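Take a look at the letters that make up each chain.
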Amino acid sequence: MNIHALSVALMTGLFVAGCANVDLPSPAHQGPIPEPGGGVPGYQHGGGEGTKFAIGQNLRRTSQYGYLKQIGDEGTLAIRYSNGSVFGVPNAQAASLKLPPYGASPIDHGRYVRDYFVRLGLPTDQIEGVRNMTLLEASGRADETEKTIPRVTAYYSVLTRSVGDVTVPDSFAWARANSEGAIVQEGVYWPPLPSNVLSDARKLERLLVDPAQRRVFASRSSIDPRTGKVAIRHAAANEDQFDAFASLDITVRSSVSGSRQRAAAARNARVPLNGGTTIVKHFGIDGVERFLPQESLNLIATYPGRKDVSR
Amino acid sequence: MTAAAVPRNFQEAEMSHLPQQLGRKYRNTAVFLLGITMAGCQSTGLVVESVNLYSSRYGANTDLANSIANGDGFIRAMTPSGSEWHVVHRFTDGLVWDTDFLEKAGWDSRNFDQSGTAISYYTGHGLTTGYGENPPHRCTSSSQCTTPPSGASLPGICKAAGSTNYAPGDTPQCVYYSDRVLAVNGSNDQFSGAVNYSAGAAAWGESPNSGNWRGVGTDGGTNLVVLDASFGVLPTYWARQTQAAMAGAHMLATIMPVTGDTANVADRGGLFGGSWAQNSDGAVSNAWLTTMNSISGSGVNGGGCNFVIAFDNTPERAQRHIDESWNDLKNDGWDAQGNQFYSARWLCNWPSTITDRSIFELQ
């Protein structure tokens, strides 16, 4: 599997720094990350050049819990050594949190956040869209003698990623901006992608329109590929082990209901069970189910299951 | 004065009265003992209960795939080398019993709500219960919602959805109150695997610091409850569905589906814990809410919100909880002393500019 140029640079820097017993390494350069094998370039954020994250005064750098951190009076910008993901996290009492959101609408906010990341080097041709989220707050009496109406206090805008027409749902660049244009909080993980994942994604797209290939795929996977969506999946931002692959993503539903609902459902198939949780399963070009690193995690060896019946 | 400042000021006051002639030795001993006492007021334990396997009780297509990885991702993120947190319990699948969460006979105080626990994290199914009418009762005002389905009760509300500013994926319909219930599939369940946390059988966080105002003793101790499950709370019943479960815990974090449901993902727990590793002075509520931004598809299918609620005996104390940092969360001196007032936050996965009426209800 392709290794991120970024993580190599960061780890090498740390190693050299450790051997030489000198200061912490400088964060990787902010901007596009080339993919050495001719794959899809990524984007590195947070190198301290141009970020508007409201970090405050009295800056210092430290290395802690797998992150290279720049810490200020108002917040911390943390870059994960292993994969280059970046999170700017305000302190709980940061002044930047108290201001209203940027712009007159969520659309204004989304445009501002998009421009912010593009100006710093995020590739525009990989921006699939901007999804705006709403932060609400409410407080009141718990007995709700007067019904409390939640109020809007902030927006978060999330840039989603695609390569060509293939979505990359595990990548993100998001931020919350306040009325002064400061970035109150941000998170970015936009890794470079090896070349084979895009070519495999194209093969999956062709498979979906070819009945003969679909039949072969279905016989191997026991799923109807027409119910799936082609995507490039990669490890989550909190994973140290990188993996990326082209996937036919299949969404399945799972719900459990109480006995009354089950009985009602048996009497009348139209009784709504109000949805159910969804699980996205991944299938590779060979029809074999695949798992992202975070989906394979199991700490049973570290914490063996034991329980006394007296508990 | 904040409660957090109490022990510090107490320490200073005590020290100022120490006779000088006691000398450095005794002063140091006193400082040490006070330090021990203060350390005892800090909870750093983690309890994680994760369930994937349901089909033996609920039938085909009820198993989950990512709960254990999700819970373990939380543990891993919170316990890197040098971490201040430690695992008290990690239970999975058949070892997750309904009694773990319930107050009776002190069950929960040996499991989900054990003294010394800072964060209790459940990941698995929430039970689907009566909610909307069948067929759906389309509405324009909550006053039209008067006929709850089986398993639900009044009051009903006209849930807003489908148009600009409201949750996508549905149109307004009448929905009704029902207690919220976790669904587990344990090897020693006493209540068919159902954990009703709205009706009083669950009470989390009671401690010597909170006092016995909830009437369940003081043998619990968790400070944050995370319910990473389907239908954690439903609009607009967030206070009523969670109030009874809060007996001293600072906050409860969960997911509030509006037009869809929670996605069973493997990275929500790790992203949440990762926020502590990034900045322990950051707000815990903020960390939970913003996992939504980093999860594929937001972690909710359809319209929904990540949600955090805090209760206490004054509005100011409830507000302070919702602003707590990870460092504050450990402080048992701030255990809730009542549940008469709440403060809540949502991060919802759609844009809205509504300021003069509810984003969740057509009143």
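Residues numbered from 1 in each chain as written. Chains lettered and ligands numbered in written order. Predicted model: local features only at pLDDT ≥ 70, side-chain atom pairs only at ≥ 80, totals over all residues. Heavy atoms only, no water.

**Student:** Quick question: what am I supposed to make of the overall build of chain A here?
**Tutor:** The secondary structure content of chain A amounts to 5 helices and 15 strands. Long-range contacts, defined as pairs at least 24 residues apart, comprise 58% of the intrachain contacts of chain A with a sequence gap of at least 6. Just so you have it, chain A exposes about 13,800 Å², and 52% of that area is on carbon and sulfur atoms. (Helix = DSSP H or I, 4+ residues; strand = E, 2+ residues; numbered from the N terminus. Contact = heavy atoms within 4.5 Å. Areas by Shrake-Rupley, 256 points an atom, 1.4 Å probe, with all protein chains shown as cover.)

**Student:** Is there a simple way to think about the state of the cysteines in this case?
**Tutor:** Covalently bonding the sulfur atom of one cysteine to the sulfur atom of another cysteine gives a disulfide. All names here are of chain B. A full pass over the atoms with the stated rule returns 3 disulfides over all chains. Put simply, Cys145 and Cys174 are joined by a disulfide, and their sulfur atoms are 2.0 Å apart. A torsion of -75° about the S-S bond marks the disulfide between Cys145 and Cys174 as left-handed. Remark: Cys174 occurs in strand 5 (residues 173–177) and Cys145 occurs in the loop between strand 3 (117–126) and strand 4 (153–159); sequence separation between them is 29 residues. Bridging Cys305 to Cys348, the disulfide has an S-S length of 2.2 Å. One disulfide, between Cys305 and Cys348, carries an S-S torsion of 95° and so falls in the right-handed class. Here Cys305 is found in strand 12 (residues 304–312), whereas its partner Cys348 is found in strand 13 (residues 341–348), with 43 residues between them in sequence. We classify Cys305 as buried; its relative accessible area is 0%. Judged by relative accessible area, Cys348 falls into the buried class, the value being 0%. Shown here for chain B is a disulfide pattern of 1-3, 2-4, 5-6, where each number marks a bonded cysteine counted in sequence order. (Disulfide = S-S within 2.5 Å. Buried < 20%, exposed > 50% of the residue type's maximum accessible area, 1.4 Å probe, protein only.)

**Student:** Looking at this structure, how should I read the packing of helix 3 (residues 195–208) of chain A against helix 4 (residues 211–221) of chain A?
**Tutor:** Pairs of packed helices are described in terms of their axes, by the angle between the two and the distance that separates them. Residues and elements named next belong to chain A. Where helix 3 meets helix 4, the closest approach of the two axes is 7 Å, and the angle between their N-to-C directions is 105°. On the basis of the axis angle, helix 3 is roughly perpendicular to helix 4. Between helix 3, through Leu204, Arg206, Leu207 and Leu208, and helix 4, the contact on the second element is made entirely by Gln213, Arg214 and Phe217. (Axes fitted to C-alpha atoms, helices over the stretch in contact; angles between N-to-C directions. Parallel < 35°, antiparallel > 145°, perpendicular 65-115°, else oblique.)

**Student:** What is the right way to look at the nonpolar core in this model?
**Tutor:** The tendency in soluble globular proteins is for nonpolar side chains to be buried side by side. Residues Leu193 of chain A together with Ile119, Leu224, Phe272, Trp288 and Trp326 of chain B are the most contacted members of the largest nonpolar core, which totals 71 residues. For this core, the leading source of residues is helix 7 (residues 284–294) of chain B, giving 5 residues. Residues contacting Trp326 of chain B, with those up to four places away along its chain left out, are Met78, Trp85, Ile119, Phe272, Ser275, Trp276, Asn279, Ser280, Gly282, Ala283, Val284 and Ala287 of chain B. Within the second largest apolar cluster, 52 residues are counted, among which are Leu64, Phe101, Ala183 and Ala245 of chain B. (Core = buried A, V, L, I, M, F, W, Y, C linked by side-chain atoms within 4.5 Å.)

**Student:** Sorry, what's going on with the confidence of the model for chain B here?
**Tutor:** If pLDDT is low for a region, its predicted coordinates should not be looked at in detail. All names here are of chain B. Per-residue pLDDT for chain B averages 90, and the proportion of residues at 70 or more is 89%. Taken as a whole, residues 1–25 scores under 50 in pLDDT and shows 20 contacts with residues more than four places along the chain or in a different chain. Note that pLDDT drops below 50 for residues 31–39; the model gives that stretch 7 contacts with residues more than four away or on any other chain. Across the interfaces of the predicted complex, the ipTM metric reaches 0.90, alongside a pTM of 0.90. (pLDDT = per-residue confidence, 0-100.)

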